[in-house]
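Coordinate inspection notes
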Amino acid sequence: MASTACFVIVSKNDIPIYEAEVGSAPKKEDLAYHHQFILHAALDVVQDLAWTTNAMFLRSVDRFNDLVVSVYVTAGHTRFMLLHDSRSEDGIKSFFQEVHELYIKIFLNPLYLPGSRIASSHFDTKVRALARKYLYIRGIY
């Protein structure tokens, strides 16, 4: 079963600081741009919702065909956005919470400049492992 998932961390200034295609669906360059476009289009909805609730996990905020955009907003207004075709809300919430812990570790690193791209291979490996664990995605390398 092919599964689609694209994970992006967007800074409070609307700059993507981390991107990963974590699905097991066949990789196509056009499809990656399509996923980025869907996530970018959902940013306005996320911005409006973030100010109307105290919850960090905003659940599904937008839909496109069979794809759903789920969002987690940190206290510093950094958005974790996941484009997926999964139905496991509990798994998605757990994924976001654990990635948030990883993000805090990166953020507290004195060598990391806030708002800059996250280029750590360790962070990337951990995010992909969490995607396998919580989003029930197989075949991620």
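Up top is the structure these notes are about.
In this text the structure is predicted, and so the values were computed from the model without any measurement. (Residues numbered from 1 in each chain as written. Predicted model: local features only at pLDDT ≥ 70, side-chain atom pairs only at ≥ 80, totals over all residues. Heavy atoms only, no water.)

Moving on, we get to the sheet that holds strand β2 (residues 16-21). Either a parallel or an antiparallel arrangement is found when strands of a sheet pair, and the pairing is made through backbone hydrogen bonds. With antiparallel pairing, the 5 strands of this open sheet are ordered in space as β2-β1-β5-β4-β3. Only two strands of the sheet have a single partner each, and these edge strands are β2 and β3 (57-64). Pairwise comparison of adjacent strand axes, ignoring direction, gives a mean angle of 15 degrees for this sheet. The pairing of strand β1 (residues 5-10) with strand β5 (residues 79-84) spans 6 bridges and is classified as antiparallel. (Pairing = 2+ DSSP bridges. Helix = DSSP H or I, 4+ residues; strand = E, 2+ residues; numbered from the N terminus. Axes fitted to C-alpha atoms, helices over the stretch in contact; angles between N-to-C directions.)

Aromatic ring pairs are described here by two measures, namely the spacing of the ring centres and the angle between the planes. Across all of its chains, the model carries 12 aromatic pairs by this definition. Between Y18 and F123, the ring centres sit 5.0 Å apart and the planes meet at 90 degrees, which makes this aromatic pair edge-to-face. One end of the pair, Y18, is in strand β2; the other, F123, is in helix α4 (residues 121-134), and 105 residues separate them in sequence. Centre to centre, the rings of F95 and F96 are 5.9 Å apart; their planes meet at 50 degrees, and the pair counts as tilted. The two residues F95 and F96 agree in class, both being buried. Through a chain of ring-to-ring contacts, three or more aromatic side chains come together here, namely F7, Y18, F57, Y72, F80, F95, F96, Y103, F107, Y112 and F123. (Phe/Tyr/Trp six-rings, centres within 6.5 Å; stacked < 30°, edge-to-face > 60°. Buried < 20%, exposed > 50% of the residue type's maximum accessible area, 1.4 Å probe, protein only.)

A surface patch of nonpolar side chains, about 300 Å² in accessible area, is lined by I104, F107 and L108. Relative to the assigned elements, F107 resides in helix α3 (residues 89-107). Residue class for F107 comes out partly exposed when judged on its relative accessible area of 39%. (Patch = residues over 30% accessible without salt bridge, like charges linked within 9 Å, V, L, I, M, F, W, Y side chains within 5 Å. Areas by Shrake-Rupley, 256 points an atom, 1.4 Å probe, with all protein chains shown as cover. Salt bridge = Lys/Arg side-chain N within 4 Å of Asp/Glu carboxyl O.)

Next up on the list: helix α2 (residues 43-50). Those residues of α2 not exposed but buried are L43, V46 and A50. The arc enclosing the buried residues of α2, seen along the axis, measures out at 60 degrees, which places them on a common side. Along α2, the residues that are exposed and aim more than 90 degrees away from the buried face are D44 and D48. (Arc of directions from axis to C-beta.)

Inspection of the entire model under this criterion finds 3 salt bridges. A salt bridge links E19 to R117; the shortest N-O distance between them is 3.8 Å. One end of the pair, E19, is in strand β2; the other, R117, is in the loop between α3 and α4, and 98 residues separate them in sequence.

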